[in-house]
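# Coordinate inspection notes
The primary structure of each chain is shown beneath.
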Amino acid sequence: MKNIEIIGTGMAKAKRCITNDDLAKTVDTSDEWITTRTGIKERRFCSEEEDAYTLAYEAARNALSSANVKAEEIDCIVCGTISGEYVTPSMACLVQKELGIKEDIPVLDVNAACSGFIYGLEVARGLLNSTGGSYGLVIGCEHLSKLLDMEDRNTCVLFGDGAGACVIQTVEGGLYQSVLGARGGYEIAVEGPGKERSIIHMDGKAVFKFAVEAIPKCLHELQKKGNITLDDVDMVVCHQANSRIIDHCIRKLHADAGKFYKNMDRFGNTSAASVPMALDEVVKTKKAKVGDTLMLVGFGGGLTWAGVLLRIGEKHETIG
Ligand code: UT7
């Protein structure tokens with residue numbers, strides 16, 4: 001089985017910026033509570049003309065251009081999302097059509113909630129290997145604001161909208177490991193289509209407890225499988241649910257806090273979009289460059305967890 005590396009990243013921010021003070025006008029909360037409990041200062045919500053698909057399309061286009069890969073070179077598309085406009089066609093199929101990506105390739109969505117993008121990387125790796133493809137497009141996109149009960153302060157202050165994407169390339173040799181799992185559970189739940197409006201329900205405390213076990217477990221297993229230590233890793237990009245979760249894990253692992261990227265202050269928790277959005281910022285701000293080693297870690301609904309160890313690469317001109 002060939003390994004994969006990331007050769008381009010992109011993101012799309014939703015247009016409406018909602019601050020903690022904005023929310024405090026309509027629900028019993030405060031900037032002080034949200035900032036100290038979560039690290040979130042503001043989040044982006046879709047405007048009237050935006051949705052998960054428009055964000056996914058923009059992020060995908062940006063990723064293709066940063067990878068210098070043409071749409072027609074893509075050999076599979078996998079999208080992590082729980083908030084697409086359609087149950088079918090999948091978000092990945094909508095992006096395929098709009099970008100003019102070829103037809104005879106696998107194109108699908110993955111539902112692993114906040115772990116969806118990382119599950120997507122592993123699924124895309126498997127598909128590229130089984131089809132002999134070279135380049136994959138992996139997206140994470142969410143329009144969570146439409147799933148929020150804006151009267152429930154336990155959830156409405158936490159989530160935001162956005163999309164991130166990356167282009168991956170198969171490589172001979174290289175470095176790649178993955179850890180995927182799920183415990184099953186309703187601690188984070190959103191009803192499917194039915195009579196009632198779908199909204200996000202969450203037992204925050206239970207998920208917090210789960211998260212501070214899941215992240216170190218993923219990082220430990222990736223180190224063991226890759227036969228490396230965190231000292232050999234250039235950046236760690238965790239799901240951006242709560243800065244206290246990440247700080248807790250840094251303390252538990254006695255890790256270098258400077259390697260753990262955070263951007264939940266500006267975007268909140270964007271579920272499947274959070275890791276690829278953070279990854280794009282890590283790359284664009286040159287916190288990680290070609291040849292660097294990354295660990296990406298997600299956790300979330302279904303009590304799923306996912307981690308990958310991989311490198312940033314450059315388009316291999318001889319492929320395809
Ligand atoms: O992407 C999926 C992954 N999701 C997560 O990782 C979420 C993980 N969980 C968390 O991040 C945290 O548990 C929360 C941020 C959701 C909550 O923080 P907490 O420190 O666990 O607070 P809590 O739920 O124990 O609530 C403490 C108090 C309660 O009041 P009482 O019962 O002590 O009087 C809440 O009613 O804070 C109250 N509270 C709020 N107060 C002001 C809850 N939400 C708010 C709010 N503003 N927005």
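Use the structure listed above.
I will try to describe carefully the structure that is included in this document. Here the structure is a predicted model, which means the values were calculated and not measured.

Here we come to the site of the ligand. Surrounding the ligand, one finds 23 residues, the nearest of these being Thr-29, Arg-37, Lys-205, Asn-242 and Asn-269. Separating an oxygen atom of the ligand from a side-chain N or O atom of Arg-244 is a distance of 3.0 Å. Between Asn-269 and the ligand, the recorded distance is 2.6 Å, taken from a side-chain N or O atom to an oxygen atom. When the ligand sits alone it has 950 Å² of accessible area, and the protein chains cover 76% of it. Examining the composition of the shell around the ligand, we find that four residues originate from one element, helix 7 (residues 204-226), more than from any other. Of the residues contributing to the shell around the ligand, the split by class is eleven nonpolar, seven polar and five charged.

The next subject is the packing of aromatic side chains. As enumerated under the stated definition, the model contains two aromatic pairs in all. Centroid distance Tyr-53 to Tyr-57: 6.5 Å. Interplanar angle 35 degrees. Geometry classified as tilted. Taken as a pair, Tyr-53 and Tyr-57 lie in helix 3 (residues 52-67) at a separation of four residues, close to a single helical turn. For Tyr-53, a relative accessible area of 19% translates into the label buried. Taken together, a centroid distance of 6.2 Å and an interplanar angle of 50 degrees make the contact between Phe-210 and Trp-305 tilted. You can see Phe-210 sitting in helix 7 and its partner Trp-305 sitting in strand 14 (residues 304-312), a full 95 residues away along the chain. Considered together, Phe-210 and Trp-305 belong to a single accessibility category, that of buried residues.

Running from amino to carboxyl end, helix 7 crosses helix 8 (residues 243-253) at an angle of 45 degrees, the nearest separation of the two axes being 9 Å. With respect to each other, helix 7 and helix 8 are oriented oblique. Between helix 7 and helix 8 the crossing geometry is right-handed. Packed against helix 7, whose contacting residues are Phe-208, Ala-211, Val-212, Glu-213, Ile-215, Pro-216, Leu-219 and His-220, the element helix 8 presents Arg-244, Ile-245, His-248, Cys-249, Lys-252 and Leu-253 at the interface. When grouped by side-chain class, the residues that make up the contact of helix 7 with helix 8 number nine nonpolar, two polar and three charged.

On to a negative patch on the surface. Residues Asp-231, Asp-232, Asp-234 and Asp-256 make up a contiguous surface patch of negative charge. Mapped onto the fold, Asp-232 is located in the loop between helix 7 and strand 11 (235-238). By relative accessible area, which is 43% here, Asp-232 ends up partly exposed.

What follows is about the side chain of Asp-75. Position of Asp-75 relative to the elements: it lies in strand 4 (residues 74-80). Beyond its immediate chain neighbours, meaning those up to four positions away, Asp-75 contacts Lys-102, Ile-105, Pro-106, Leu-128, Gly-133, Ser-134 and Tyr-135.

A word on unusual backbone geometry. Following Thr-88, the chain continues to Pro-89 via a peptide bond in cis, the omega torsion being 0 degrees. With respect to the helices, strands and loops of the structure, Pro-89 is situated in the loop between strand 4 and helix 4 (91-99). Of note, the phi angle at Lys-286 is positive, near 60 degrees, even though the residue is not glycine. Counting through the fold element by element, Lys-286 comes out in the loop between helix 10 (274-284) and strand 13 (293-300).

Reading the values: rules and limits
As a convention, each chain's residues are numbered from 1 in the sequence order in which they are written. Reporting of local features is limited, given that this is a predicted model, to residues whose pLDDT is at least 70; pairs of side-chain atoms are given and counted only at 80 or more, and all residues count toward the totals for whole chains, interfaces and linings. Side-chain metrics rest on all non-hydrogen atoms present in the structure, leaving aside hydrogens and water. We call a residue near a given molecule or strand whenever any one of its heavy atoms falls within 4 Å of it. By the criterion applied in these results, polar contacts are pairs of N or O atoms within 3.5 Å in which, for protein atoms, one can donate a hydrogen and the other can accept it, and in which residues neighboring in sequence qualify only through two side-chain atoms. Only the protein chains shown count as cover for residues, and the accessible areas themselves come from Shrake-Rupley with a 1.4 Å probe. Strands are runs of DSSP state E lasting at least 2 residues, helices are runs of H or I lasting at least 4, and numbering of each runs from the N terminus. Any residue outside Ala, Val, Leu, Ile, Met, Phe, Trp, Tyr, Cys, Pro, Asp, Glu, Lys and Arg is labelled polar, Gly included; the first ten of those are nonpolar and the last four are charged. For Phe, Tyr and Trp, where Trp contributes only its six-membered ring, two rings pair if their centres lie within 6.5 Å, and the inter-plane angle classes them as stacked under 30 degrees, edge-to-face over 60, or tilted in between. Categorising residues by exposure relies on relative accessible area from a 1.4 Å probe, with only protein chains included: less than 20% of the type maximum marks a residue as buried, more than 50% marks it as exposed, and the intermediate range marks it as partly exposed. In this analysis an axis means a line fitted to C-alpha atoms, helices contributing only their contacting stretch, and an angle means the value between N-to-C directions, from 0 to 180 degrees. Roughly parallel refers to an angle under 35 degrees, roughly antiparallel to one over 145, roughly perpendicular to one between 65 and 115, and oblique to any angle outside these ranges. By the definition used in this description, the sense in which the near helix is turned from the far one sets the handedness, with an anticlockwise turn below a right angle giving left-handed and a clockwise turn giving right-handed. Contact definition: two residues touch when any of their heavy atoms are within 4.5 Å. A patch consists of residues exposed above 30% relative accessible area that lack any salt bridge, with like charges linked at up to 9 Å and nonpolar side chains (Val, Leu, Ile, Met, Phe, Trp, Tyr) linked at up to 5 Å. A side-chain nitrogen of Lys or Arg and a carboxyl oxygen of Asp or Glu constitute a salt bridge if their distance falls within 4 Å. In this tally Asp and Glu are treated as negative and Lys and Arg as positive; neither His nor the chain ends contributes. Here the site of a charge means NZ on Lys, CZ on Arg, CG on Asp, or CD on Glu.

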